[in-house]
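# Structural overview
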Amino acid sequence: MINLRPYQHKALAAIDAALSRGVRRQAVQMPTGAGKTVVFAELLRRRQHIGPALVLAHRDELVQQAVDKIGQVAPDLICGVVKAERNETGYAVTVASVQTLARQKRLDAIVNAGPYATVIADEA
């Protein structure tokens, strides 16, 4: 289990506050090394009761980092990976490579596995 830092708790509180005002599309900006992945992993843990989630990442390292951090923050959330030869949809969290989803067949598979209650674009 990872203990969040005070500024990470503040980021999550800001997300919740904006959501309560009806803001469904949000962007969170934090400096390098501040633990953005930990923040969104905690957000997924808190939101797991509302439905599956999709995390989009543009580099293979970020796909694996997301899977690893989600596993540390919320070990009960099972992650599937969609990239290259992997096509693991239908899990509580699907972490997908943006490059892989550029192919229509792979994008269709992700869309058909939804709907997703939460979608996170890492490094948007």
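Residues numbered from 1 in each chain as written. Predicted model: local features only at pLDDT ≥ 70, side-chain atom pairs only at ≥ 80, totals over all residues. Heavy atoms only, no water.

### Remarks on the pairing of strand S4 (residues 93-97)
Across the five residues of S4, five count as buried, placing the element largely inside the fold. Side-chain alternation along S4 places Val 93, Val 95 and Ser 97 on one buried face and Thr 94 and Ala 96 on a second face that is also buried. Pairing geometry for strand S1 (residues 53-57) and S4, over five bridges, is parallel. Within S4, the position partnered with Leu 56 by the bridge is Ala 96. (Buried < 20%, exposed > 50% of the residue type's maximum accessible area, 1.4 Å probe, protein only. Helix = DSSP H or I, 4+ residues; strand = E, 2+ residues; numbered from the N terminus. Pairing = 2+ DSSP bridges.)

### A word on the side chain of Thr 94
Residue placement: Thr 94 occurs in strand S4. On the basis of relative accessible area, Thr 94 is assigned to the buried category, the value being 0%. Those residues in contact with Thr 94 that sit more than four places away from it in its chain are Ala 53, Leu 54, Val 55, Gly 80, Val 82, Glu 88, Thr 89, Ile 110 and Tyr 116. (Contact = heavy atoms within 4.5 Å.)

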